Amino acid sequence: MPLLVTPALPAGGLAAQEQPHLPVRPGLALRPWRDDDAPAVRAAFDCPQIQRWHVRRLDTDDEARAWTAQWADRWRDETAASWAVVDADDRPIGQVGLRDVLLTEASAQVSYWVVPAARGRGIAAEALLALTRWSFTRAGLHRLALEHSTGNAASCRVAARAGFTEEGVARGSVRHADGWHDMHRHARLRTDGPT
């Protein structure tokens, strides 16, 4: 069945380029995940807060390696992308990424987390802003959206600091280990202005 509108982004545009390294600020950057990041990822997913809000844990080194390895294929498939947020020593201290990429709509969901030692310094918001700039200026996306549990005040602060407008609450839409959660929705459009 043919579409009545032309896809907003042509297939192959992302996959044709290498996933970029993105500067955030001195001593902080985004880069693609590598196999040798698996121990840092496993340690991050040992954090009870990351488990709570991202509804997963990694129990083995093999699971952590599979997590880091998946992103190259998802970049090539143009369905998702993830970057390690790294410090001046190139150590992963967080993650920021695009999920549910829809080329026809030029849209994606964003996700982020930082390890406990990196919290409270604006790192998640700065990383999200760097990804947002690239998504709108280089990748050609039109809309970025995110959802977080209404119980996750820290994630709400990150979204607000990165200029993501509140759009409402999806009631009882995501199940966490402690039951159904209302999800606060935010979004940012390329036309909202500079990041």
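What counts, and at which threshold
- Residue numbers restart at each chain and count upward from 1, following the sequence in its written direction.
- Given that the model is predicted, a residue must reach a pLDDT of at least 70 before its local features are reported, and side-chain atom pairs must reach 80 or more before they are shown or counted; all residues, however, enter totals for whole chains, interfaces and linings.
- Values reported for side chains reflect all heavy atoms of the structure, with hydrogen atoms and water molecules removed beforehand.
- Think of it this way: any DSSP run of H or I at least four residues long counts as a helix, any run of E at least two long counts as a strand, and we number them from the N terminus.
- Our radius of gyration is a C-alpha quantity, and the globule rule it is checked against amounts to 2.2 Å times the number of residues to the power 0.38.
- With a 1.4 Å probe rolled over the protein chains alone, any residue whose accessible area is under 20% of its type maximum counts as buried; one over 50% counts as exposed, and the rest are partly exposed.
- By definition in these notes, contact holds between two residues if any of their heavy atoms fall within 4.5 Å.
- The method behind every accessible area is Shrake-Rupley, applied with a 1.4 Å probe, and residues are considered shielded solely by the protein chains displayed.
- Asp and Glu are treated as the negative residues and Lys and Arg as the positive ones, with His and the ends of the chain left uncounted.
- Note on charges: their place is set at NZ of Lys, CZ of Arg, CG of Asp or CD of Glu.
- In this description, a nonpolar core means a group of buried Ala, Val, Leu, Ile, Met, Phe, Trp, Tyr and Cys residues linked to one another through side-chain atoms lying within 4.5 Å.
- Each salt bridge in this description consists of a side-chain nitrogen of Lys or Arg and a carboxyl oxygen of Asp or Glu lying within 4 Å of one another.
- Polar contacts here mean pairs of N or O atoms no more than 3.5 Å apart (in protein, one a potential hydrogen donor and the other a potential acceptor; neighbouring residues in sequence count only if both atoms are side-chain atoms).
- To obtain the arc, one takes the directions from the helix axis to the C-beta atoms.
- Note: two strands are recorded as paired if DSSP finds a minimum of 2 bridges between them.
- Axes, fitted as lines to C-alpha atoms, cover a helix only where it is in contact. Angles between the N-to-C directions of the axes lie from 0 to 180 degrees.

Participant: How would you explain the overall build of the chain if you had to name every residue and give the values?
Facilitator: When you go through the chain residue by residue, the secondary structure sums to five helices and eight strands. Against the globule reference of 16 Å for 195 residues, the chain gives a C-alpha radius of gyration of 16 Å, in line with a compact fold. In terms of principal-axis extent, the alpha carbons of the chain reach across some 45 × 40 × 35 Å. Looking at the chain residue by residue over its 195 residues, the buried ones come to 45%. By sequence separation, contacts in the chain at least 24 residues apart represent 59% of the contacts at least 6 residues apart. For the chain, the exposed area adds up to about 10,400 Å²; of that, 52% sits on carbon and sulfur atoms. If the 24 positive side-chain charges of the chain are averaged to one point and the 24 negative ones to another, these points end up 5 Å apart.

Participant: Lay out unusual backbone geometry in plain terms, naming residues and giving numbers.
Facilitator: Among all residues except glycine, the phi angle is most often negative; among peptide bonds, the trans geometry is most common. One non-glycine residue, glutamate 78, lies in the positive phi region at around 60 degrees. For glutamate 78, a relative accessible area of 8% corresponds to the buried category.

Participant: Tell me about the environment of proline 10, and name the residues and values.
Facilitator: As for its position among the elements, proline 10 is in the segment before β1 (22-25). Proline 10 gets classed as exposed once you look at its relative accessible area, which sits at 60%. Sequence-wise, proline 10 and threonine 104 are 94 residues apart; in three dimensions their C-alpha atoms are separated by 7.6 Å.

Participant: Give me the lowdown on the nonpolar core, citing residues and values where you can.
Facilitator: Membership of the largest hydrophobic core comes to 55 residues, with the highest contact counts inside it found for Leu30, Trp83, Val96, Leu98, Leu128, Trp134 and Leu141. It is helix α4 (residues 123-137) that provides the largest number of residues to this core, a total of ten residues. If near-sequence neighbours (up to four positions away) are discounted, leucine 98 is found in contact with Ala80, Ala81, Trp83, Ala108, Gln109, Val110, Leu131, Trp134, Ser135, Leu141 and Leu144.

Participant: Please provide a residue-by-residue account of the side chain of glutamate 78, values included.
Facilitator: Mapping glutamate 78 onto the fold places it in the loop between α3 (61-77) and β3 (81-87). Buried and unpaired, glutamate 78 has arginine 76 as its nearest opposite-charge partner, separated by 11 Å. Within polar-contact distance, the side chain of glutamate 78 engages the backbone nitrogen of glycine 13 at 3.1 Å. With residues up to four places along the chain from it excluded, the contact list for glutamate 78 reads Ala11, Gly12, Gly13, Leu14, Ala15, Val101 and Leu103.

Participant: Give a description of helix α5 (residues 153-161) that names residues and reports values.
Facilitator: Of the positions making up α5, those classed as buried are Ser155, Cys156, Val158 and Ala159. Around the axis of α5, the buried residues are gathered within 160 degrees of arc, so they sit on the same side. Tucked inside the fold, the buried residues of α5 contact β5 (107-114), α4, β6 (143-149) and β8 (179-189). Looking at the residues trailing α5, positive phi occurs at glycine 163, about 80 degrees.

Participant: A description of the sheet that holds strand β7 (residues 165-176) should follow, citing residues and the corresponding values.
Facilitator: Spatially, eight strands are ordered β1-β2-β3-β4-β5-β6-β8-β7 in an open sheet, and the strand pairing comes out mixed. Strands at the two margins of the open sheet, each flanked by one partner only, are β1 and β7. Taking the axes of each pair of neighbouring strands and ignoring which way they run, one obtains an average angle of 30 degrees across the sheet. Sheet analysis places β1 next to strand β2 (residues 28-32), joined by three bridges and oriented antiparallel. When the bridges of β2 are listed, proline 23 appears paired with alanine 29.

Participant: Residue-level account of the pairing of β7, with values.
Facilitator: For a regular strand, side-chain orientation follows a simple rule: the groups alternate between the two sheet faces. Judged from the eight bridges that link them, β7 and β8 form a sheet pairing that is antiparallel. Residue pairing across strands places glycine 168 opposite arginine 185, the latter belonging to β8. Hairpin connection of β7 to β8: two residues between the antiparallel strands.

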